[in-house]
Amino acid sequence: MSEMNFADIITGATAFASSVVAEQMKSTNDFSAGTFLQVRKNILKTQYADDYVVNVAVGAVMTYHNQLREVLLEKAAIDIGEFET
């Protein structure tokens, strides 16, 4: 990778947030077909909205950091380290 890619940041952010919400649903035994359909239709109208929005932001920062790290390593041999959560 030689350039930053905004579309990849968005994809990474939403994938991260979705995985966190899925884990929350599993841990609270709220992983039913009805809940899944509600979440899939519009997660922002569910009880998971706040967690989803926060984790989209976290996922975006993580993905941006990882891309920036790759670009800096490739172009300037600079390692900014791994993103720790």
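Okay, so let's go over this structure. (Residues numbered from 1 in each chain as written. Predicted model: local features only at pLDDT ≥ 70, side-chain atom pairs only at ≥ 80, totals over all residues. Heavy atoms only, no water.)

Some remarks on the nonpolar core
Membership of the largest hydrophobic core is limited to seven residues, which are Ala17, Val21, Met25, Val39, Ile43, Tyr48 and Tyr52. Element by element, the count of residues in this core is highest for helix H1 (residues 6-27), at three residues. If sequence neighbours within four positions are ignored, Ile43 has contacts with Val21, Gln38, Tyr48, Ala49 and Tyr52. (Core = buried A, V, L, I, M, F, W, Y, C linked by side-chain atoms within 4.5 Å. Buried < 20%, exposed > 50% of the residue type's maximum accessible area, 1.4 Å probe, protein only. Helix = DSSP H or I, 4+ residues; strand = E, 2+ residues; numbered from the N terminus. Contact = heavy atoms within 4.5 Å.)

A few points about a nonpolar patch on the surface
A cluster of nonpolar side chains, Phe31, Phe36 and Leu37, forms an exposed patch at the surface whose accessible area comes to about 310 Å². Here Phe36 lies in helix H2 (residues 33-42). (Patch = residues over 30% accessible without salt bridge, like charges linked within 9 Å, V, L, I, M, F, W, Y side chains within 5 Å. Areas by Shrake-Rupley, 256 points an atom, 1.4 Å probe, with all protein chains shown as cover. Salt bridge = Lys/Arg side-chain N within 4 Å of Asp/Glu carboxyl O.)

Looking at helix H3 (residues 49-76)
Between its first and last C-alpha atoms H3 spans 40 Å; for 28 residues at 1.5 Å apiece the expected length is 40 Å, and the two agree. Within H3 the residues assigned to the buried category are Ala49, Tyr52, Asn55, Gly59, Met62, Thr63, His65, Gln67, Arg69 and Val71. Residues of H3 that are buried in the fold lie against H1. Positive phi shows up at Ala77, right after H3, with a value of about 55°. (Expected span 1.5 Å × (residues − 1).)

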